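Breakdown of the fold
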Amino acid sequence: MKSQILGTGSYVPPKILTNTDLEKIVDTSDTWIVDRTGIHERRIAEPGEACSDLGIRASESALANAGIAAQDLDMILVATCTGDYPLPSTACLIQHRLGATRAAACDIAAACCGFVYALSIANAYIKAGYRYVLVVGAEVMSAITDWSDRNTCVLFGDGAGATVVGRSEGEAGILSLHLHADGRLADLICVPGGGSSRPASQTILDERLPYVKMRGNETFKIAVKTMEEAVREALAANELTINDIDCFVPHQANIRILKAVAERLKLPLEKTAINLDRFGNTSAASIPLALDEAVKTGKVQPGNLVLLAAFGSGLTWASGVLRW
Ligand code: UT7
């Protein structure tokens, strides 16, 4: 028995932060940001608008799209690194607001790979007998962004995407998922303060440690290599060639990464779902956001083969192949 994505949904906050706006905050330029990242603008949550606020809207939309009632959910998984609180989980907050009283709920911490990791857990539970699992990727990256650091503040954005996963009745379904991690490179992308290693204090704040730090250039090179490897592993596992893929939905970190990966794989860039130009890097939300858009705009059609690939802090990387 296979599992299948039965419905998708997404939500981004209305407030747009353009590159020109950022020029007023740090020493940067629209030209640098567009040339080096492909990002033109990103969405930013309002003060007090938290991860669960974005996640609930994406979830309601995915449930409506799937035609599934919240009461029928067996489990809610929220992939995020910017949950409302260290505890309780954002998944529990969403469970309550949806009225999904039967559903177990927890968050998944695998940074930008979180959605694919969560999808693999949903897949396993559906195969084990659960009927419906809600998988959400939701981030308020603006809450962990150092707005005085031009190396990172131009990159991230806020948003949420959600999918309802259930049993497959036919050909459509999740064909494979592969997950990887290498903790030796944990310090490439990290938030060094605010956790139990260096708990919240005035010193931690003064040193700007509760914010994302990234060694961008090193990360870039590893991202291209591991995304390519992840795709090749996924294709080999399904005895597919890149020509069989109808739509590639990758994690959205940098247009140069996506172009380099597409070039190495000999995949036409037109087959890639891209949203980073409008939303920036939304971490765990980027794939479900891009997938929802690809489905709703017809870039993904019934019967199509959809390829997912993600890369992020941890380091973690992952891939998936879906028959839509
Ligand atoms: O989602 C998780 C995975 N994340 C990624 O995969 C991100 C991967 N990394 C990247 O996307 C890129 O490395 C960045 C976009 C972060 C940076 O681009 P880069 O081409 O690797 O630039 P760089 O870090 O090598 O910096 C080049 C120059 C530096 O100046 P100097 O030292 O050469 O004088 C930086 O200070 O660009 C400078 N710079 C900026 N200039 C204007 C860095 N950020 C900015 C900025 N505006 N915002």
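For the structure itself, look to the data block above.
Residues numbered from 1 in each chain as written. Predicted model: local features only at pLDDT ≥ 70, side-chain atom pairs only at ≥ 80, totals over all residues. Heavy atoms only, no water.

Some words on the site of the ligand
The local shell around the ligand holds 24 residues, among which T28, R36, N217, N254 and N281 are the closest. Between the ligand and the protein, one listed contact pairs an oxygen atom with a side-chain N or O atom of W32 at 3.4 Å. Bound to the protein, the ligand loses 73% of the 950 Å² it would expose on its own. Counting only elements with at least two residues in the shell around the ligand, the list comes to helix 2 (30-37), helix 6 (150-153), helix 8 (216-237) and helix 9 (255-265). Ranked by residues supplied to the shell around the ligand, first place goes to helix 8 with five residues. Of the residues belonging to the shell around the ligand, the class tally is 11 nonpolar, nine polar and four charged. Three or more residues apiece are contributed to the shell around the ligand by two domains, here domain 1 (3-170) and domain 2 (175-323). (Near = heavy atom within 4 Å. Polar contact = N/O pair within 3.5 Å; in protein donor to acceptor, adjacent residues only side chain to side chain. Areas by Shrake-Rupley, 256 points an atom, 1.4 Å probe, with all protein chains shown as cover. Helix = DSSP H or I, 4+ residues; strand = E, 2+ residues; numbered from the N terminus. Nonpolar A, V, L, I, M, F, W, Y, C, P; charged D, E, K, R; others polar. Domains from an automatic or database assignment.)

Focus on the side chain of D182
Following the sequence through the fold, D182 ends up in the loop between strand 8 (173-181) and strand 9 (189-190). By relative accessible area, which is 14% here, D182 ends up buried. Only 2.8 Å separates the side chain of D182 from the side chain of R184, close enough to count as a polar contact. Residue contacts for D182: discarding those within four places in its chain leaves G314, L315 and W317. (Buried < 20%, exposed > 50% of the residue type's maximum accessible area, 1.4 Å probe, protein only. Contact = heavy atoms within 4.5 Å.)

Some remarks on the packing of helix 3 (residues 51-66) against helix 4 (residues 90-98)
Closest axis-to-axis distance for the helix 3/helix 4 pair is 10 Å, and the angle between their directions is 55°. One finds that helix 3 runs oblique with respect to helix 4. Crossing handedness for the pair helix 3 and helix 4: right-handed. Across the interface between the two elements, C51, S52, D53, G55, I56, S59, E60 and L63 of helix 3 pack against T90, L93, I94, R97 and L98 of helix 4. Considering only residue class, the contact of helix 3 with helix 4 consists of six nonpolar, four polar and three charged. (Axes fitted to C-alpha atoms, helices over the stretch in contact; angles between N-to-C directions. Parallel < 35°, antiparallel > 145°, perpendicular 65-115°, else oblique. Left-handed = near helix turned anticlockwise from the far one by under 90°.)

Thoughts on the packing of aromatic side chains
What the rule picks out here adds up to one aromatic pair. Relative to Y130, the ring of Y125 has its centre 4.9 Å away and its plane inclined at 50°; by these criteria the two rings are tilted. Directly above the aromatic system of F279 lies the positively charged group of R278, at a separation of 5.3 Å from the ring centroid. (Phe/Tyr/Trp six-rings, centres within 6.5 Å; stacked < 30°, edge-to-face > 60°. Lys NZ or Arg CZ within 6 Å of the ring centre and 35° of its normal.)

Things to note about the state of the cysteines
Under the criterion given, the structure shown has zero disulfides. The closest cysteine sulfur to the non-disulfide-bonded C113 is located on C112, 7.2 Å from its own sulfur. By relative accessible area, C113 is classed as buried at 0%. Its sulfur unpaired, C190 is 12 Å from the next cysteine sulfur, which belongs to C81. In this structure C190 comes out as partly exposed when scored by relative accessible area, which is 26%. (Disulfide = S-S within 2.5 Å.)

Description of the pairing of strand 13 (residues 316-323)
Within strand 13, seven of the eight residues are buried, leaving the element largely enclosed by the surrounding structure. Inspection of the sheet shows strand 8 paired to strand 13 by eight bridges, in the antiparallel sense. Bridge assignment links L177 to a residue of strand 13, and that residue is G320. Of the strand pairs in this sheet, strand 12 (residues 305-312) and strand 13 are connected by eight bridges, and their pairing is antiparallel. Note that in strand 13 the partner of A309 across the bridge is S319. (Pairing = 2+ DSSP bridges.)

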